[in-house]
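Analysis of the macromolecular model
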Amino acid sequence: MYDLPKYKGNVSQTARALNLHRQSLLYRLRNIEKLTKLSLVDADDSFLLEFSVRLWMLNQFKE
């Protein structure tokens, strides 16, 4: 799905892995923060967002 945790927050490596321009990835990450009202820099917010995405993905497999 996404590789940001795999690259420990390194935006350049993640963008390369996703075949995105670095600025495009940053734009998307800012949009995620704006839509969720969470900060990807804050550890608790990052955990909550990742946990939510994983739960959503599990639910998709059940359907």
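Cut-offs and rules
Residues numbered from 1 in each chain as written. Predicted model: local features only at pLDDT ≥ 70, side-chain atom pairs only at ≥ 80, totals over all residues. Heavy atoms only, no water. Phe/Tyr/Trp six-rings, centres within 6.5 Å; stacked < 30°, edge-to-face > 60°. Helix = DSSP H or I, 4+ residues; strand = E, 2+ residues; numbered from the N terminus. Core = buried A, V, L, I, M, F, W, Y, C linked by side-chain atoms within 4.5 Å. Buried < 20%, exposed > 50% of the residue type's maximum accessible area, 1.4 Å probe, protein only. pLDDT = per-residue confidence, 0-100.

Section: the packing of aromatic side chains
With the rule as written, the count across this model stands at one aromatic pair. Judged by centre distance (5.8 Å) and plane angle (10 degrees), the ring pair of Phe47 and Phe51 falls under stacked. Note that Phe47 and Phe51 are positioned in helix H3 (residues 43-62) at a spacing of four residues, about one turn of the helix.

As for the nonpolar core
Counting residues in hydrophobic clusters, the biggest one holds five residues: Val11, Ala15, Leu25, Leu26 and Leu29. Sort the elements by how many residues they give to this core and helix H2 (residues 22-36) lands first, with three residues.

Brief notes about the confidence of the model for the chain
Taken over all residues, the pLDDT of the chain has a mean of 88, while the share at 70 or more is 90%. Of all the helices and strands in the chain, H3 carries the lowest mean pLDDT, 90, while H2 carries the highest, 95.

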